[in-house]
Amino acid sequence: MKKESTFTPWEVKGEINYEKLIKDFGTSQIDEKIKKKIQKLHPLLSRGIYFSHRDFDKWLDAYASGKKISVLTGRGPSEKMHLGHLVPFLVAKSLQDEFKCDVFIPISDDEKFYVKENLTYENAIKFGEENILDIIALGFKPGKTFIFQDFIYTDIYKYAARIAKRMTYSTAKATFGLKPENNIGWSFYPAMQAAHILFPQFEKGKHMTVVPVGIDQDPFIRLTRDIAEHKDFNFMKPAALHAKFIPSLYGETKMSSSDSENSVIYLSDSPAEVKNKINKYAFSGGKATIEEHRKYGGDTNVDVAFQYLRIFFEPDDKKLAQIEKDYKSGKLLTGELKKILIDKINNFLAEHKKRKEQAKKDLNKFLYKR
């Protein structure tokens, strides 16, 4: 029996057909021409986790022509951050490093406050403050990275108000499937998200911005592109990069702690917690016995440990190819593959925690002020 799928900006479950989404959303697949220009960037881009785009080719052309460009991506803080939350930020940092451009990072504590029934106003702000430190710890450039929380940097409202006046309720309802029982914060938030996406142009003048997001967030991009060129704004349509979903440790479609805290690796997890989660819960593509595995090999397409290496933790293509070859041939056992991942995750998290402590001292270098 086929599992029922749910696909909205707030919930993703079931099987996802990415080729169908490209057709349904009217986006473009990242082609070979673009791949050649981004092959030296983060593996999330070069290995096809980011698979679809809107006008990213034009963004690259703008850079090549010496025109101003920027990157924007945000975070909805409703919990502590896990590995899956890092995806757009790793790409944003890679783009900043390569193209020397500004990066804008809105923290939409208001969205999560509206959507998460049990999330208090105070905790939304608290999670936002903690998430900001995790984001800064990834190595963004001070002076070229601008971060703000909606509940704290309330100047964003003046832009959202101007956008709300040009966005009908029926459009928001049709785009996001709003229901009568949803609180009215849900219906206003699309204007706030559009204000985020257009924020670089409101603040720095007309230019091209690219927004790395999960493909489930594309409805916000579409809505914003529809109004960007309105005479009230006269902006450029924002470009977008769309990512596939990062599987949970269980192998489910999207990494989410709402399924179980054991299905994700938090940035705050201890080495022992990482080891236990990977060994006990990471879905394996290996065979049932060592004898069978040696004979038939493992399936890297479903093995979560290998997927995490491919997505996050093994940047060297030759080393990754060798790991894949050894696992498929049966030379490398599941336990050995998991140990490679455990060591790499714990090395990453140890360094991240050090940088997060430094981020507390550098915070004011990143918080956006007029």
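A few points on the structure. (Residues numbered from 1 in each chain as written. Predicted model: local features only at pLDDT ≥ 70, side-chain atom pairs only at ≥ 80, totals over all residues. Heavy atoms only, no water.)

**Points about helix α14 (residues 304-313)**
Among the 10 residues in α14, nine count as buried, and that is most of the element. Turning to α14, its buried residues number three or more, namely Val 304, Ala 305, Phe 306, Gln 307, Tyr 308, Leu 309, Ile 311, Phe 312 and Phe 313. Buried residues along α14 sit in contact with α3 (43-46), α5 (87-99), α15 (317-329) and α16 (334-362). The N-terminus of α14 is capped by Asp 303, whose side-chain oxygen sits 3.1 Å from the backbone nitrogen of Ala 305. (Buried < 20%, exposed > 50% of the residue type's maximum accessible area, 1.4 Å probe, protein only. Helix = DSSP H or I, 4+ residues; strand = E, 2+ residues; numbered from the N terminus. Contact = heavy atoms within 4.5 Å. Polar contact = N/O pair within 3.5 Å; in protein donor to acceptor, adjacent residues only side chain to side chain.)

**As for the pattern of salt bridges**
Within this structure, the stated rule accounts for 23 salt bridges. Here Lys 356 makes a salt bridge to Asp 134, at a shortest N to O gap of 3.3 Å. Of this pair, Lys 356 sits in helix α16 while Asp 134 is found in helix α7 (residues 121-136), placing the two residues 222 residues apart along the sequence. Each member of the pair, Lys 356 together with Asp 134, is buried. A salt bridge links Asp 232 to Lys 231, with the shortest nitrogen-to-oxygen separation between them at 3.8 Å. We classify Lys 231 as exposed; its relative accessible area is 70%. Connected through shared salt-bridge partners, Arg 54, Asp 218 and Arg 222 make up one network. (Salt bridge = Lys/Arg side-chain N within 4 Å of Asp/Glu carboxyl O.)

**Let's talk about the sheet that holds strand β5 (residues 69-72)**
The mixed open sheet is built from seven strands, whose spatial order is β3-β4-β9-β8-β5-β6-β7. Edge positions in the open sheet fall to β3 (28-29) and β7 (145-149), since each of these has one partner strand only. Bridging between β5 and strand β6 (residues 102-107) involves three bridges; their strand directions are parallel. Note on β6: the bridge partner recorded for Ser 70 is Asp 102. Most of the contacts of α7 go to β7, to which it runs at about 165°, and overall it touches β6 and β7. (Pairing = 2+ DSSP bridges. Axes fitted to C-alpha atoms, helices over the stretch in contact; angles between N-to-C directions.)

**Digging into the packing of aromatic side chains**
Under the definition given, this model contains 29 aromatic pairs. Aromatic pair Tyr 121 and Phe 151: ring centres 4.6 Å apart, planes at 50°, arrangement tilted. Separated by 30 residues along the polypeptide, Tyr 121 in helix α7 and Phe 151 in the loop between β7 and α8 (156-164) bring together distant segments of the chain. Relative to Phe 220, the ring of Phe 176 lies with its centre 4.6 Å away and its plane at 35°, an arrangement referred to as tilted. One end of the pair, Phe 176, is in helix α9 (residues 169-176); the other, Phe 220, is in helix α11 (residues 218-228), with 44 residues separating them in the sequence. Overall, Phe 220 belongs to the buried group, its relative accessible area being 2%. (Phe/Tyr/Trp six-rings, centres within 6.5 Å; stacked < 30°, edge-to-face > 60°.)

**Thoughts on the environment of His 352**
As for its placement among the helices and strands, His 352 is situated in helix α16. Sequence-wise, His 352 and Ala 137 are 215 residues apart; in three dimensions their C-alpha atoms are separated by 6.2 Å. Beyond its immediate stretch of four places on either side in the chain, His 352 contacts Asp 134, Ala 137, Leu 138 and Leu 267. At 3.0 Å, the side chain of His 352 forms a polar contact with the side chain of Asp 134.

Read these as geometric descriptors, not functional statements.
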